[in-house]
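Coordinates in review
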There are 2 protein chains.
Amino acid sequence: MTPRNFALPGVITEAIADVVGSRAVALHEPSFVGREWDYLKECLDSTFVSSVGKFVDRFEGDLAAFTGAKRVVAVVNGTAALHVALLLADVAPGDEVLVPALTFVATANAVAYCRATPHFVDSETRTLGLDALALREHLRATTEQHNGHCVNRATGRVIRAMVPMHAFGHPCDIEAVLGVASDFGIALVEDAAESLGSYVGARHTGTFGLLGVLSFNGNKTITTGGGGAILTNDEALATRAKHLTTTAKKQDRWEFFHDEVGYNYRMPNLNAALGCAQLEQLPVFLENKRRLYEAYARRFEGMVGVELVREPSGCTSNYWLQTLLLKEEQVKLRDAVLEATNDAGYMTRPAWTLMHHLPAYTECPRATLPVAESIVKRLINIPSNVLLPPSVPAP
Amino acid sequence: MTPRNFALPGVITEAIADVVGSRAVALHEPSFVGREWDYLKECLDSTFVSSVGKFVDRFEGDLAAFTGAKRVVAVVNGTAALHVALLLADVAPGDEVLVPALTFVATANAVAYCRATPHFVDSETRTLGLDALALREHLRATTEQHNGHCVNRATGRVIRAMVPMHAFGHPCDIEAVLGVASDFGIALVEDAAESLGSYVGARHTGTFGLLGVLSFNGNKTITTGGGGAILTNDEALATRAKHLTTTAKKQDRWEFFHDEVGYNYRMPNLNAALGCAQLEQLPVFLENKRRLYEAYARRFEGMVGVELVREPSGCTSNYWLQTLLLKEEQVKLRDAVLEATNDAGYMTRPAWTLMHHLPAYTECPRATLPVAESIVKRLINIPSNVLLPPSVPAP
């Protein structure tokens, strides 16, 4: 076993400083150097800041063009998008939904909002996302098919959907996961909240499943203040998504008639205006995030005890959050690295608490989670702003 | 019986034209003639557009100062505010919640989100809100007390909360309703979504119940694009509201630990910036809305077959939406009035479909609803913009 490198916290801090400079830096800040100002002003001048307005339609159209999804429905945030996507995947009270233990809490919460139970599965180190092989083995060993549904033998509940998630922008092995979903009769909803601008081959993440989900929270690659979107290639699902997210109100000249329990999840036009301007800059943002990755990669190359996570082969990552993984033998230094870097003004953070360690989800069914348990002890996100050097100017 | 006045549609259209002028007018448009632009620019320049930022704190503080509520928590919209307020009033799956049949669908939907059942009760013509006397009689006749809880004898379910709503800005008889709530051991959550700037005596609506709710949707007296707020005088409930609306994440230097199933309901800083500028203008908006009411009142005075709704005695209404009530004998002319006014470019609309006529809620328990049934056939909202003549200039 390699001895612990007690100098690692200082060495990592120095490497970050060499790449991003000496001033304090947040983990991820938005950049508003495009037409944000013009579009917000146009939005105010039109007085259409709220539920009706041209920027929502335009943002949806621009996102469809960028991702290749046939239809996009803009909503109030990524959590709302996940909630409605799961409802549209027919997730019903009493169902189970497969969710990586290594994810942000919204993935599991969206399942709970549907009165279904998350069922946690393991990740792989290569992608930080769902391990398709382990998932297949787990389902083979613990489920059986009833009338075309996959049933958890231990709980008797139908496993209705799975929600692979592209962690920190790195695409998971979505094609292999899709194969498992198809073989076991499980709907696939793709949590692409962190992966706008990430591709598997030439295909954008979020467009592989029945439905996909994006987020435009303030810490994401582009932001609308708060916002999210539902992607789908299914026209009927898109129409249902728009209906459910706009209080299920029927079109009528003046009557207020809502034909089911709907949600107030539409994205305000004000936020969509910001999104349109941000989306125009996305290609430059992505180029800069890749340059930042390359600068970090040069600086961390050969460093003992730690590696910088790179995009999986065959994939293009948006490099939303740059990610370090400590070697197993350095695990005990994670908090010292977090302390040294944050004390020096470089905001860094660990992975999320694994879902089955949260009080709301301790009793949920789960596979063995050795890889997620290992990753969470070793992962550290480091500063990832789009305009950190060595960046190119925005257009 | 007075004969039907077939000229009424034309007469009403002419009266509206005399007050608001000859150009086409929406039902309610926002006005951005204050510091909206400055604050949005400041927000962009700070890069804090999302979940952190000074405008959210400021908007909450400014709303507390304006309404007199001890604590205010800004959220993503009024529906989210209602949902969380009901959770904080301990509304649990299987409970019933008293809701006026005459309300916007969000009031009932928020109950459904808690997996509780709305129980519809009647309104009074004087306020367009809950009829306290009818409510007391209904509860006396159909419920019994068990261990301090009010139980619906027919369903066996606990009636946990009631949600009186101040329709179109006119305060309901909240003190009498509060008396009923107290006598029957039912929590009161006040739906003040439409009544920012409306008072009972000197006390602002939304501050009478355990919790109150505001909305800043684009059609409201002030707007944040989309937004809402929870009001309460209870510090512990306010702290819980902030926690539940921000994913229930515990404060920590870097760990992501969520101690219960929370919601992503926080208001983005971008929207709060707009709200701060709007709130500065609220006194002028209220003055203008009152002047508009007075102009309509002069014009509609003495008109046969229709009356303009005025604020209940002892109350100050924000006159959010100006409201006509046709006399009983003119009921059949409602659609003709809606057609004539809308055809002439003056946007008008009827009341909402009563909640028990919506498919999701037809099976819910309800009192007899003669007044709501009558009002809904006779009510028409007419153009109510803050800057319609005879307005004073914004500051």
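Residues numbered from 1 in each chain as written. Chains lettered and ligands numbered in written order. Predicted model: local features only at pLDDT ≥ 70, side-chain atom pairs only at ≥ 80, totals over all residues.

Looking at the domain arrangement of chain A
How large an interface is tends to be reported as the accessible area lost when its parts come together. Residue and element names in this part refer to chain A. For chain A, the assigned domains read domain 1 (8-30 + 282-382) and domain 2 (36-278). Each of domain 1 and domain 2 has a C-alpha centre, and these two points are 25 Å apart. Listed by contribution, the elements that provide at least two residues to the side of domain 1 that touches domain 2 are α9 (269-300), β13 (315-316) and α11 (370-378). Looking at the side of domain 1 that touches domain 2 element by element, the count peaks at five residues for α11. Along the lines of polarity and charge, the residues of the side of domain 1 that touches domain 2 split into 25 nonpolar, nine polar and two charged. (Domains from an automatic or database assignment. Helix = DSSP H or I, 4+ residues; strand = E, 2+ residues; numbered from the N terminus. Nonpolar A, V, L, I, M, F, W, Y, C, P; charged D, E, K, R; others polar.)

Section: the sheet that holds strand β6 (residues 159-162) of chain B
Residue and element names in this part refer to chain B. Strand order in the open sheet made by the seven strands is β1-β11-β10-β7-β6-β2-β3, with mixed pairing throughout. Where the open sheet ends on each side, the last strands, each with one partner, are β1 (71-75) and β3 (117-121). The mean inter-strand angle of the sheet, taken between neighbouring strand axes irrespective of direction, is 25 degrees. The strands touched by helix α4 (residues 78-88) are β1, β2 (96-100), β6, β7 (187-191), β10 (211-215) and β11 (228-232); relative to β10, the strand with the most contacts, the crossing angle is about 170 degrees. (Pairing = 2+ DSSP bridges. Axes fitted to C-alpha atoms, helices over the stretch in contact; angles between N-to-C directions. Contact = placed C-beta atoms within 7 Å.)

Side note on the pairing of strand β1 (residues 71-75) of chain A
All names here are of chain A. Of all the five residues making up β1, five are buried; the element is thus mostly covered by neighbouring parts of the structure. Taking every second residue as pointing to the same face, both faces of β1 are buried, with R71, V73 and V75 on one and V72 and A74 on the other. Alignment of β1 against strand β11 (residues 228-232), held across five bridges, turns out to be antiparallel. Within β11, the position partnered with V72 by the bridge is L231. (Buried ≥ 20, exposed ≤ 12 C-beta atoms within 10 Å, placed from the backbone.)

Some points on the relation of the copies chain A and chain B
Relating the two copies of this chain is a rotation about some axis coupled with a shift parallel to it. Least-squares fitting of chain A to chain B yields an RMSD of 0.0 Å, with the transformation described by 0.0 Å of translation along the axis and a rotation of 180 degrees. As the rotation angle and translation indicate, the two copies are arranged about a two-fold axis. In this assembly the copies share their binding face: 100% of the residues contributing to the interface of chain A also contribute to that of chain B. (Least-squares fit on C-alpha atoms with pLDDT ≥ 70 in both.)

Things to note about unusual backbone geometry
Cis geometry marks the peptide bond from A:P389 to A:P390, where omega comes out at 0 degrees. Within the fold, A:P390 resides in the segment after β16 (379-382). Positive phi values are uncommon outside glycine, yet A:A248 reaches one of about 55 degrees. One can find A:A248 in the loop between α8 (235-244) and α9. The class of A:A248 is buried, set by 20 C-beta atoms lying within 10 Å. You will see that B:F168, though not glycine, has its phi angle at about 60 degrees, which is positive. In this structure, B:F168 sits in the loop between β6 and α7 (174-184).

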